[in-house]
2 protein chains.
Amino acid sequence: VADLKAYYEQVDALEGAFVERLRKAVAIPSVSAEPERRPDVVKMAEWLKAELETLGASVQYYYPGEQHPGLDLPPVLLGRYGSDPNKRTILVYGHYDVQPAFKEDGWDSQPFDLTIDKDGRMFGRGSTDDKGPVLGWLNVIEAHKKANLEFPVNLLMCFEGMEESGSEGLEEMIKKEAKNFYKDTDAVCISDNYWLGTTKPCLTYGLRGCSYYQLEVSGPGQDLHSGVYGGTVTEPMTDLTNLMTTLVDNKGKILIPGIYDQVAPLTDKEVALYQNIDFGMDTIHEALGSTTTISNDAKETLMKRWRFPSLSLHGIEGAYYAPGAKTVIPAKVIGKFSIRTVPNMELAEVTRLVTAHVEKEAAKLGTNNTIKVSLIHDGKWWVADPDHWNFRAAAKATEQVWGVKPDLTREGGSIPITLTFEEETGKNVLLLPMGTSTDQPHSINEKLDKKNYIQGTKLLGSYLHYVAEEKME
Amino acid sequence: VADLKAYYEQVDALEGAFVERLRKAVAIPSVSAEPERRPDVVKMAEWLKAELETLGASVQYYYPGEQHPGLDLPPVLLGRYGSDPNKRTILVYGHYDVQPAFKEDGWDSQPFDLTIDKDGRMFGRGSTDDKGPVLGWLNVIEAHKKANLEFPVNLLMCFEGMEESGSEGLEEMIKKEAKNFYKDTDAVCISDNYWLGTTKPCLTYGLRGCSYYQLEVSGPGQDLHSGVYGGTVTEPMTDLTNLMTTLVDNKGKILIPGIYDQVAPLTDKEVALYQNIDFGMDTIHEALGSTTTISNDAKETLMKRWRFPSLSLHGIEGAYYAPGAKTVIPAKVIGKFSIRTVPNMELAEVTRLVTAHVEKEAAKLGTNNTIKVSLIHDGKWWVADPDHWNFRAAAKATEQVWGVKPDLTREGGSIPITLTFEEETGKNVLLLPMGTSTDQPHSINEKLDKKNYIQGTKLLGSYLHYVAEEKME
Ligand SMILES: [Zn+2]
Ligand SMILES: [Zn+2]
Ligand SMILES: [Zn+2]
Ligand SMILES: [Zn+2]
């Protein structure tokens, strides 16, 4: 691709300006989870809109409404850069809100003050999640302008301010605008995830879904003292722990009949994808802080994480949970568990199987307590075609920038909006990460390596160039 | 007994004064659990000491020391009334501290403002637990003085101010003073419990013990996200719920081998004691707010409560416990359970059996998590001889005052100090309740019926007269 060399040089020349842009963004504490920070979230939206407009993009606000009476949701930024009917149109998504952060949580630096160490690690809340990647798109525009390069595609943008708090209102907006503001979309690119490790970039083509359940066991009218009632009442905790053990074993096998019948069989092509992935058990053991994995084979572990379902017991609401030794018989206890779903599991069928299983096991208990199982929420798994031109372009760009073919990865968790973009636009969706597995989003000392920020800016721009050239099937 | 008629008349004549005494006591919010109320607890001690001294008793403070640096424990009152070597000496125990109470919790009246309704129910925090019974002893002295009756015994008193917060420092005091201040003790009487129902008085001769354990399962270095790690790590919750189900079934049967071997066989004499007890399933179902009892036979239910061991699962520390749907894999979870113990269970043996059982079951799980079981605390069961002269005197007094032979009851819970009094003085201990099962100590709208307060004052006085006459074996 002709223009890339000039583009890369321009990006390198602008490194200082790009870092300053990130510093300004990090300085605005746009924490969506804290209502008292909402003005900062709005301020961040305004700052981002102004930056985009200065670069020549047109931006409009979409207001999703109120979160609570008296608390407005921050606006979603609907942006466009370029409208040449002869170019492809790429919709990019990111979020400008961040997780909460307090110095006292254990940060080594002020979380809203971008701090760069001698290794080029740029510490700050939002540096990698997701302000760095969002600004990456702005950097791409700026470098093209400064180098007088033609922008290779039309860029549509969706930058929201509630991602860390459930993306409230976003799905409704996408459903509305997919056929309006975003109607020209040819493919979607989301940069809001991470490399699997620290050395090899990746493209992500799948996410598991999540179906979350609660299992309520109730009997007595109120909590009881175990001295007075122990041995005389049917204790809800006894029934609940018994039911919980019927759901999954400690090798991770889901014990609910029928669950595995829906899982897509492993294909040779899929197995081949796992062969080259740069991932060892060391990486997972280090991240885990222990060696208590179910398998000690890296490929098997990745498959368990990405393409097989799992069931986790999260805890119990209503039971005694504090340190100490309270002698209570809890009257009503609610077990929480969720199933990570994968292709081709049907969510309604999963819930039907869960319900039937719990009812059967509850009957076996012969209890006089009342048992209820219910779905709290479910979100579907997502899997894209990694052979699509959108992925081919991203793979070429990665090889160009990083000098290595990217791993094709899935992720164990869900990013529900990914599926919404796919379903509503009807187009291929690509997850194209900028940062690495050590960036610690959502944790203390969140960082983005300067190298990943600058090379990532090159990557995003290169991707747009390769997109312009890829043969569209 | 000669003097009782005159005594009863005097008590009736002083009814108004006795109620006023209770009103003054309730007005002092001596909540031991709230550090900011500590001055009120001390004020209550001072008020009680002054009242006793006005009645002619001698009282000294025992200071148990500091609860925390900067927070003194309130004094225990060591009192004596009479020191005639020809009279028996009875040690009575009670507590002048109370549970927390706030109008906003749902009280129908101000909790520290004694409020008497048309049925003579005297509502107020501490009315029945334990200010009413404590003042009962003061009332006994006053009525004897006013009626010019000779006091039948020497009275030793132990009134503490930390009972609702674990009786901190009390055991040490008793161990020290049993052979000093309390060395003349011939028998002990504790009035700090309740009738089994509302119509028939009782004497209580047994309490279960409590051995409290924690069962810790740990693996990962920190809590994990189930999207990323679900299916790949051995989840501590799965192991813990499995282990918890091996402890007890939902019919209340303890599944730990050997536990029942230590339980004293049921004797005919004991069975006979249960035959006359005034107690129906209605009472327990009403108190429970449901009909989810294990048995529907009242005698069997009482035996399960009083004289058989039980095991309750209280909850889990470290797991997700809030409302909502957090997708966490908890890294370290601590199950809490306790065993109510009965004669002739040896506490050390109970712990040995629990430990051996958990270790065996943990091995069966084949887990790579780390499992630890440990005793948090244990308190021994207590059972007194209900044929002792101390009980005979109380039975005669009850029949005299209430016109009915008292039920001989045990209780399911433990009052650890009971056993300490028995062990340290080497004398018989009697639990002689004043209030009824509907008094709601520790709950909103705690009350003491005026009838129980006045008749209870007669009962305590009569008991001392019968004690003086009983043949000592
Ligand atoms: Zn993010
Ligand atoms: Zn995030
Ligand atoms: Zn009490
Ligand atoms: Zn109490």
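This text goes with the structure placed above it.
Residues numbered from 1 in each chain as written. Chains lettered and ligands numbered in written order. Predicted model: local features only at pLDDT ≥ 70, side-chain atom pairs only at ≥ 80, totals over all residues. Heavy atoms only, no water.

**Student:** Mind showing me how you'd approach the coordination of the zinc ion (ligand 2) here?
**Tutor:** Reference values for angles at a metal are 109.5 degrees in the four-donor tetrahedral case and 90 or 180 degrees in the six-donor octahedral case. All names here are of chain A. Listed as protein donors to the zinc ion (ligand 2) are Asp129 (OD), Glu164 (OE), Glu164 (OE) and His442 (NE2); their distances from the metal cover 2.0 to 2.6 Å. Metal-centred angles of 53 to 134° between the 4 donor atoms at the zinc ion (ligand 2) mark the site as irregular. Metal-to-metal, the separation of the zinc ion (ligand 2) and the zinc ion (ligand 1) is 3.2 Å; Asp129 coordinates the two. One end of the pair, Glu164, is in the loop between β8 (154–160) and α5 (170–177); the other, His442, is in the loop between β19 (429–431) and β20 (447–449), and 278 residues separate them in sequence. By relative accessible area, His442 is classed as partly exposed at 46%. (Donors = N, O, S within 2.8 Å, 3.2 Å for Na, K, Ca; no water. Tetrahedral: all angles 85-135°; square planar, octahedral: opposite > 155°, others 65-115°. Helix = DSSP H or I, 4+ residues; strand = E, 2+ residues; numbered from the N terminus. Buried < 20%, exposed > 50% of the residue type's maximum accessible area, 1.4 Å probe, protein only.)

**Student:** What's the story with the sheet that holds strand β7 (residues 121–123) of chain A in this structure? I'm lost.
**Tutor:** Each strand in a sheet pairs with another by means of backbone hydrogen bonds, the pair being arranged parallel or else antiparallel. Residues and elements named next belong to chain A. With antiparallel pairing, 3 strands are arranged side by side in an open sheet as β6-β7-β20. The open sheet terminates on both sides in strands that have one partner only, identified here as β6 (115–116) and β20. One ladder, built from 2 bridges, connects β6 with β7; its direction is antiparallel. Bridge assignment links Ile116 to a residue of β7, and that residue is Met122. Contacts from helix α4 (residues 127–146) reach β7 and β20, with the element oriented near 50° to β20. Along the sheet, helix α14 (residues 450–469) contacts β6, β7 and β20; its crossing angle with β20, the most-contacted strand, is approximately 65°. (Pairing = 2+ DSSP bridges. Contact = heavy atoms within 4.5 Å. Axes fitted to C-alpha atoms, helices over the stretch in contact; angles between N-to-C directions.)

**Student:** Teacher, can you tell me more about the coordination of the zinc ion (ligand 1) here?
**Tutor:** All names here are of chain A. Donor atoms from the polypeptide that bind the zinc ion (ligand 1) are His95 (NE2), Asp129 (OD), Asp192 (OD) and Asp192 (OD), placed at 2.0 to 2.7 Å. Between the 4 donor atoms coordinating the zinc ion (ligand 1), the angles at the centre fall across 53 to 148°, so the site counts as irregular. Within one chain, the residues donating to the zinc ion (ligand 1) are spaced in sequence as H-x33-D-x62-D.

**Student:** Before we go on, may I ask you to explain the pairing of strand β5 (residues 89–95) of chain A in this structure?
**Tutor:** The side chains of a regular strand alternate, first on one face of the sheet and then on the other. Residue and element names in this part refer to chain A. A large share of β5 lies buried, amounting to 7 of its 7 residues. Alternating positions in β5 separate into two faces, Thr89, Leu91, Tyr93 and His95 on one and Ile90, Val92 and Gly94 on the other, with burial throughout. Note: β5 against strand β9 (residues 187–190), 4 bridges, orientation parallel. Along β9, the bridge assignment pairs Ile90 with Ala187.

**Student:** What am I meant to see in the packing of aromatic side chains here?
**Tutor:** On inspection of all chains with the given rule, the structure shows 17 aromatic pairs over all chains. Relative to Tyr8 of chain A, the ring of Tyr7 of chain A lies with its centre 5.9 Å away and its plane at 55°, an arrangement referred to as tilted. Both residues of the pair, Tyr7 of chain A and Tyr8 of chain A, count as buried. Here the aromatic rings of Tyr274 of chain B and Trp306 of chain B are separated by 5.6 Å at their centres, their planes lie at 40°, and the arrangement is tilted. Of this pair, Tyr274 of chain B sits in helix α8 (residues 268–275) while Trp306 of chain B sits in helix α10 (residues 298–306), and the two are 32 residues apart along the sequence. In this structure, Tyr274 of chain B and Trp306 of chain B share a single accessibility class: buried. (Phe/Tyr/Trp six-rings, centres within 6.5 Å; stacked < 30°, edge-to-face > 60°.)

**Student:** Looking at this structure, how should I read the packing of helix α1 (residues 4–13) of chain A against α14 of chain A?
**Tutor:** Each packed pair of helices is defined by two parameters, the angle between the axes and the distance between the axes. Residue and element names in this part refer to chain A. Closest axis-to-axis distance for the α1/α14 pair is 10 Å, and the angle between their directions is 155°. Between α1 and α14, the angle is such that the two are roughly antiparallel. Where α1 crosses over α14, the two elements pack in a sense that is right-handed. Between α1, through Leu4, Tyr7, Tyr8, Val11 and Asp12, and α14, the contact on the second element is made entirely by Ile454, Thr457, Lys458, Gly461, Ser462, His465 and Tyr466. Taken together, the residues of the contact of α1 with α14 sort by class into 6 nonpolar, 4 polar and 2 charged. (Parallel < 35°, antiparallel > 145°, perpendicular 65-115°, else oblique. Left-handed = near helix turned anticlockwise from the far one by under 90°. Nonpolar A, V, L, I, M, F, W, Y, C, P; charged D, E, K, R; others polar.)

**Student:** Looking at this structure, I do not really get the nonpolar core. What am I missing?
**Tutor:** Counting 89 residues, the largest nonpolar core has Leu48, Ile90, Leu155, Phe159, Phe421 and Tyr463 of chain A as its most contacted members. Sorting elements by how many residues they give to this core places α14 of chain A first, with 8 residues. Excluding its chain neighbours within four sequence positions, the residues that come into contact with Ile90 of chain A are Val153, Asn154, Leu155, Leu156, Ala187, Cys189, Trp389, Tyr463, Leu464 and Val467 of chain A. If you look at the next biggest cluster of nonpolar residues, it comprises 88 residues, including Leu48, Leu55, Ile174 and Ile190 of chain B. (Core = buried A, V, L, I, M, F, W, Y, C linked by side-chain atoms within 4.5 Å.)

**Student:** Explanation requested: helix α12 (residues 389–402) of chain B in the structure shown.
**Tutor:** In an α-helix, one turn spans 3.6 residues, which is why side chains three or four residues apart end up on the same side. All names here are of chain B. Between its first and last C-alpha atoms α12 spans 19 Å; for 14 residues at 1.5 Å apiece the expected length is 20 Å, and the two agree. Trp389, Asn390, Phe391, Ala393, Ala394, Ala397, Thr398, Val401 and Trp402 are the residues of α12 that are buried. Positive phi appears at Gly403, one or two residues downstream of α12, with a value of about 75°. (Expected span 1.5 Å × (residues − 1).)

**Student:** It is not clear to me how the interface of chain A and chain B should be interpreted in this structure. Could you clarify?
**Tutor:** Note on interface size: it is often stated as the accessible area lost on association of the parts. Taken together, the contact between chain A and chain B spans 76 residues of the former and 76 residues of the latter. For the chain A and chain B pair, buried surface summed over both sides reaches about 5600 Å², with 53% attributable to carbon and sulfur atoms. Along the contact surface separating chain A from chain B lie 0 salt bridges. Between the two partners, chain A and chain B, sit 44 residue pairs in polar contact (both at pLDDT 80 or more). With 8 residues, strand β13 (residues 310–317) of chain A is the largest single contributor of residues to the side of chain A that touches chain B. (Buried area = accessible area lost by both parts, 1.4 Å probe. Salt bridge = Lys/Arg side-chain N within 4 Å of Asp/Glu carboxyl O. Polar contact = N/O pair within 3.5 Å; in protein donor to acceptor, adjacent residues only side chain to side chain.)

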